[in-house]
Amino acid sequence: MRDFSMKDKLGYTLGDLGCCCTEQYRGMFLTVFYVLVLKVNPIHVGTIMLVTKIWDAVNDPIIGAIIDTRKAKTGKKFIPWIRAFSIPCAVLMCIGFLNVSNLDYGLRLVYILVTYVTYEAIYTCVNVPFGSLSSVMTDDINHRTDLSRYRSLGGTIFMTVIVITGPLFLYKDNMPVPENFLILAIICACVGVLCLQITCVWCKERVEIVNVEREKFNYIEVLKNIAKNKALVGVIVASLVGMISASVVNGLNTYLFKDYFGNVKLMAVSGMLSTVYAIITFILTKFVAKKFGKKEWCIYGCSFAVIVYVFLFLFPVKNPIVFIAINGICYIGASGLQILIWAMVNDAIDYQELQTGTRNESIVYSTYSFFRKISSALSASLSSFILVFVGYNVNVSVQTVQVTQKLWKTYTGVYAIGYLLAILALIYIYPLTKKKTEDMLNKLAEKRNKAVN
């Protein structure tokens, strides 16, 4: 098998791009589609998403256990899953954007529930093996940082394109165009399948762990392993609160630009500037993470983001261009946690092996994914519930001043609180500083060499 190379990095970038083409497109526009196109009450949307996401989260460790306990040929533990399930995942994503607004209200709720649950179950069969894949592509600390950076690049490429084209294509005269949601979903689905199939060819599974005893999966054992793995617990908590705040903010983006700033198409300008910021963070992260350490850089960057959003909470900005510029600068700070989180999950897998003697990449990753899905459930529901809290009226085209002011306070306040909690989790729970990570990898290398000899 060839050595780790740029081909692996680009393959992993395309894999994340492929996942984002379905998952992030849904994350950005599905609740908007339900509320503004299907005219479903935000409380009902939030409740359905909360219930289905919790079930989906429970499903993650089950899929992870199946992958880990299934006998697989060398170098073919994760890739066959990605290859097999990427196509049905794309098809189900498109079905979720069918315009069924002419159905009775109860049937619309059934449609949302069935399509949402089915898609999430199939997406798990793609995402869990894809997330676990990086842990067996290389065990080199610098290569893993590169993979985490290049994975974030896939999401950045998608978000840049969709944030620019989405508002311009999906809305006319500040109102949604129902059929365009499905058209764009089909385009994203096709691109996603292509990218994931390339990932299956370009990415190679190299790390083979010898003499690791397979274990039967049960939830009690998983909870015991989590309790022993402080690195995993720290990543879970930091990611949970950070992701909830970021996802709630993303969920409110459409309403902020549409109703607070009065022009939803200005999101396209935000998307264009995001490209510049993304390039800066992609280049910057490798050097600062290597110099300071992953944990340390995440703390510094998130602290900057908290300061900026506390300022915005106290002093509202009325000019959308000024807000977009400030928000982009804030992204540079918060990007450390978003970009490096996957490398930190891989470190948590190594920490698991060092502390317990068992590795089980899929179970550890899917346990992290379990809580990530819980945060996704909470954030999706919170975005819908917040609309009710601020008094948002889906039946009018222009909201009151009181509603738009509450939107602003909620938007900025949630972001600041979420990242503050993430900082505290990294400081007081996550143990792997730069030095401790290096020591851990050296001990594992010695342990594996002894096992071979």
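Reference entry: report on the structure contained in this document.

Conventions and cut-offs
Residues numbered from 1 in each chain as written. Predicted model: local features only at pLDDT ≥ 70, side-chain atom pairs only at ≥ 80, totals over all residues. Heavy atoms only, no water. Core = buried A, V, L, I, M, F, W, Y, C linked by side-chain atoms within 4.5 Å. Buried < 20%, exposed > 50% of the residue type's maximum accessible area, 1.4 Å probe, protein only. Helix = DSSP H or I, 4+ residues; strand = E, 2+ residues; numbered from the N terminus. Contact = heavy atoms within 4.5 Å. Expected span 1.5 Å × (residues − 1). Bend = angle between axes of the 7 residues up to and from the residue. Patch = residues over 30% accessible without salt bridge, like charges linked within 9 Å, V, L, I, M, F, W, Y side chains within 5 Å. Areas by Shrake-Rupley, 256 points an atom, 1.4 Å probe, with all protein chains shown as cover. Salt bridge = Lys/Arg side-chain N within 4 Å of Asp/Glu carboxyl O. Axes fitted to C-alpha atoms, helices over the stretch in contact; angles between N-to-C directions. Parallel < 35°, antiparallel > 145°, perpendicular 65-115°, else oblique. Left-handed = near helix turned anticlockwise from the far one by under 90°. Nonpolar A, V, L, I, M, F, W, Y, C, P; charged D, E, K, R; others polar.

Here we look at the nonpolar core
Moving on, step 1. With 134 residues, the main nonpolar core has Tyr25 and Phe323 as its most contacted residues.
Moving on, step 2. The greatest single-element share of this core, amounting to 16 residues, is contributed by helix H1 (residues 6–37).
Moving on, step 3. What phenylalanine 323 contacts, discounting residues up to four positions off in sequence, is Leu256, Phe257, Phe261, Leu312, Val317, Trp408 and Tyr411.

A short note on helix H11 (residues 320–356)
Moving on, step 1. The first and last C-alpha atoms of H11 sit 51 Å apart over 37 residues, in line with the 54 Å expected at 1.5 Å per residue.
Moving on, step 2. If you look at H11, its biggest bend is around 50°, right at alanine 334.
Moving on, step 3. Extensive coverage of H11 is indicated by the burial of 27 of its 37 residues.
Moving on, step 4. Remark: glycine 357 follows H11 within two positions and exhibits a positive phi of approximately 85°.

Points about a nonpolar patch on the surface
Moving on, step 1. A surface patch of nonpolar side chains, amounting to about 600 Å² of accessible area, comprises Ile417, Leu420, Leu421, Leu424, Ile427 and Tyr428.
Moving on, step 2. Turning to its location among the elements, leucine 421 is positioned in helix H13 (residues 401–428).
Moving on, step 3. Here leucine 421 falls in the partly exposed class, since its relative accessible area comes to 41%.

A few points about the packing of helix H8 (residues 230–260) against H13
Between two packed helices, the angle of one axis relative to the other and the distance separating the axes together describe the packing.
Moving on, step 1. Closest axis-to-axis distance for the H8/H13 pair is 8 Å, and the angle between their directions is 165°. Between H8 and H13, the interaxial angle falls into the category roughly antiparallel. As for how H8 packs across H13, the hand of that crossing is left-handed.
Moving on, step 2. The residue makeup of the contact of H8 with H13, split by class, is 20 nonpolar, 7 polar and 1 charged.

Some thoughts on the environment of aspartate 104
Moving on, step 1. By secondary structure assignment, the location of aspartate 104 is in the loop between helix H3 (79–95) and helix H4 (105–137).
Moving on, step 2. Measuring from C-alpha to C-alpha, the distance between aspartate 104 and valine 394 comes to 18 Å, with 290 residues separating the pair along the chain.

So, to be careful, I would describe these as geometric facts and stop short of saying anything about function.
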